[in-house]
Amino acid sequence: MLLEGIRRYCCLALLPLAGLSDAGQGKALAHLQGIAHPAVIAHRGASFDAPESTAPAYLLARELGADYLELDLQRSRDGVLVAVHDDTLLRTSDVAQRFPERKNSPVSAFTLAELKLLDVGSWFNKAYPERARSRFVGLKIQTLDEVIDIAEGDPRKQPGLYIETKKPRLFPGIEAQLKARLQARGWLEQPGRVVLQSFDRSSLALLQQEMPQVPRVLLLWIGDGGIEPASKQTFAQSGESDKAAFYARQQPESQAEFERWLDYAKATGAIGVGPSAARSAGGAQSYADLAQPWMNRLSHDKQLLVHVYTVDEEVDFAKVMAAGVDGIFTNRSGNLLRHFSRPAALNEVQILDEQGY
């Protein structure tokens, strides 16, 4: 596998991209890595229609035909890899009722048995009553192996895994542990079946050491610890109330500063970058627009794929694709697949019904 990774990397380095269009460059880069183009990446599963990072969210994304099931990886106190996004469990579970004295504790403070006691579905019904389902009550946190089981669960569907090492410095050795689990499950044999991602350059470097044959993506953002913004004013200092509008105006300090982060990606062996997007309608998952056409061209010129996060609406699908991205993280896989003329036979409601939710 190591020799195969080296061979593919060498081919990529020699790829004559200069004569290709911007879209052609990205497609060629994706093809060499075994990655779908344009890639539909189900952000925490189909998390618009089902509670994020739960079994129904991943089942729905799989059945809709998403290319990748995306998950954020953390580790329980007793060493099990689990799919949880937030640092704490307050937003998406009943931890305040189940463990009131530990409600602000990090995921790593709980054993797997304790994590499995939590209800990670009811919050969704309360937050989104128009999408509520009684079977969402009592949903459980998923382990990495359980998400793999879902990905493998329908022979007609073959979604890959797009895995983020979340706050990896809190979990020393998580990169080697991830390799061991993926290897044990036979997920390192097919090029492009797994894509690894992180905001943490040190973690990407460790992932390169552990799994040099697996594609890796450096996630990009503007702000503390990331790309230096042109404006030095923070949101708190601005006195504004609309965080999405504030972040949408943010720009890199310069082209050289943006390029510096692309060079960081290359230095860690990454094959792509994951820039943030500014959503037209704003909202909690709207950030700075780091998928502008000039940025994507520069990424392609450096032989880096561009997978943008997190876009859900038709107007934004069209915008980022026109800007030259190669894949999209989305909470609404069904919408994006229909945009790409890849509709599933059943819609989201029908699939959830069929799956028993």
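Since we're looking at a predicted model, the values are computed, not measured.

Procedures and definitions
- Residues numbered from 1 in each chain as written.
- Predicted model: local features only at pLDDT ≥ 70, side-chain atom pairs only at ≥ 80, totals over all residues.
- Heavy atoms only, no water.
- Salt bridge = Lys/Arg side-chain N within 4 Å of Asp/Glu carboxyl O.
- Helix = DSSP H or I, 4+ residues; strand = E, 2+ residues; numbered from the N terminus.
- Buried < 20%, exposed > 50% of the residue type's maximum accessible area, 1.4 Å probe, protein only.
- Contact = heavy atoms within 4.5 Å.
- Polar contact = N/O pair within 3.5 Å; in protein donor to acceptor, adjacent residues only side chain to side chain.
- UniProt positions renumbered as here; feature names shortened; annotations may be inferred.
- Core = buried A, V, L, I, M, F, W, Y, C linked by side-chain atoms within 4.5 Å.
- Expected span 1.5 Å × (residues − 1).
- Arc of directions from axis to C-beta.
- Phe/Tyr/Trp six-rings, centres within 6.5 Å; stacked < 30°, edge-to-face > 60°.
- Lys NZ or Arg CZ within 6 Å of the ring centre and 35° of its normal.

J.: Help me understand the pattern of salt bridges in this model?
T.: When the charged atoms of two side chains with opposite charge come close together, those side chains can pair. Here the structure, examined in full by the defined rule, presents 27 salt bridges. E52 is the partner of R91 in a salt bridge, and the nearest nitrogen-oxygen pair spans 2.8 Å. Taken together, the positions of R91 in the loop between β3 (81-83) and α4 (95-98) and E52 in the loop between β1 (39-42) and α3 (55-64) put the pair 39 residues apart, joining distant regions of the chain. Where E63 meets R156, a salt bridge forms, and the shortest distance between an N and an O atom there is 3.2 Å. Here E63, found in helix α3, pairs with R156, found in the loop between α7 (144-151) and β5 (160-165); they are 93 residues apart in sequence, far enough to count as distant.

J.: I'm lost on the environment of R77 in this one. Help?
T.: With respect to the secondary-structure elements, R77 resides in the loop between β2 (68-75) and β3. On the accessibility criterion, R77 (53% relative accessible area) is exposed. Sequence-wise, R77 and L115 are 38 residues apart; in three dimensions their C-alpha atoms are separated by 9.8 Å. Apart from residues lying up to four places away in sequence, R77 is in contact with R102, S108, A109, F110, T111 and E114. A distance of 3.3 Å separates a polar atom in the side chain of R77 from the backbone oxygen of A109.

J.: Sorry, what's going on with helix α13 (residues 293-301) here?
T.: Residue pairs spaced three or four apart in an α-helix point in one direction, given the helix's 3.6 residues per turn. Taken together, the buried positions of α13 are M295, N296, L298, S299 and H300. Once α13 ends, the next one or two residues include Q303, with phi positive near 60°.

J.: Would you mind showing me how to read the UniProt feature "domain: GP-PDE" (unreviewed entry) in the protein chain here?
T.: UniProt feature "domain: GP-PDE" (unreviewed entry): in the numbering of this structure it lies at residues 38-340. End C-alpha atoms of residues 38-340 are separated by 9 Å, and the span's content is 34% helix alongside 14% strand.

J.: Would you mind showing me how to read the nonpolar core here?
T.: Note that soluble globular proteins tend to have their nonpolar side chains buried in a common cluster. Residues L161, I163 and L182 are the most contacted members of the largest nonpolar core, which totals 82 residues. Residue contributions to this core peak at seven residues, all from α3. Residues contacting L161, with those up to four places away along its chain left out, are Y68, L69, L71, V147, I148, A151, L182, W187, R193, V194 and V195. With 14 residues, the next largest nonpolar core counts L29, Y162, L305 and F329 among its residues.

J.: Help me understand helix α12 (residues 255-267) in this model?
T.: Here α12 contains 13 residues, and its C-alpha end-to-end distance of 18 Å stays within 8% of the 18 Å for a straight helix at 1.5 Å per residue. The set of residues buried in α12 consists of E257, F258, W261, L262 and A265. For α12, the buried positions fall inside an angular range of 150° around the axis, keeping them on one side. Turned more than 90 degrees off the buried face of α12, the exposed positions are A256 and A267.

J.: Looking at this model, I keep getting lost on the packing of aromatic side chains. Mind explaining?
T.: For any pair of aromatic rings, the description consists of the separation of the ring centres together with the inter-plane angle of the planes. Overall, the coordinates contain 15 aromatic pairs when judged by the stated rule. A centroid spacing of 6.0 Å and a plane angle of 65° characterise the contact between W221 and W261, whose relative ring orientation is edge-to-face. Of this pair, W221 sits in the loop between β7 (216-219) and α10 (235-238) while W261 sits in helix α12, placing them 40 residues apart in sequence. The class for W221 is partly exposed, based on a relative accessible area of 23%. According to the relative accessible area criterion, W261 is buried, its value standing at 4%. Through successive ring pairs, a cluster of aromatic residues spans F199, W221, W261, Y264, Y287 and Y309. Between the NZ or CZ atom of R91 and the centre of the ring of W123, over which it lies, the distance is 5.7 Å. The cationic tip of R131 hangs over the ring face of Y128; the distance from NZ or CZ to the ring centre is 4.4 Å.

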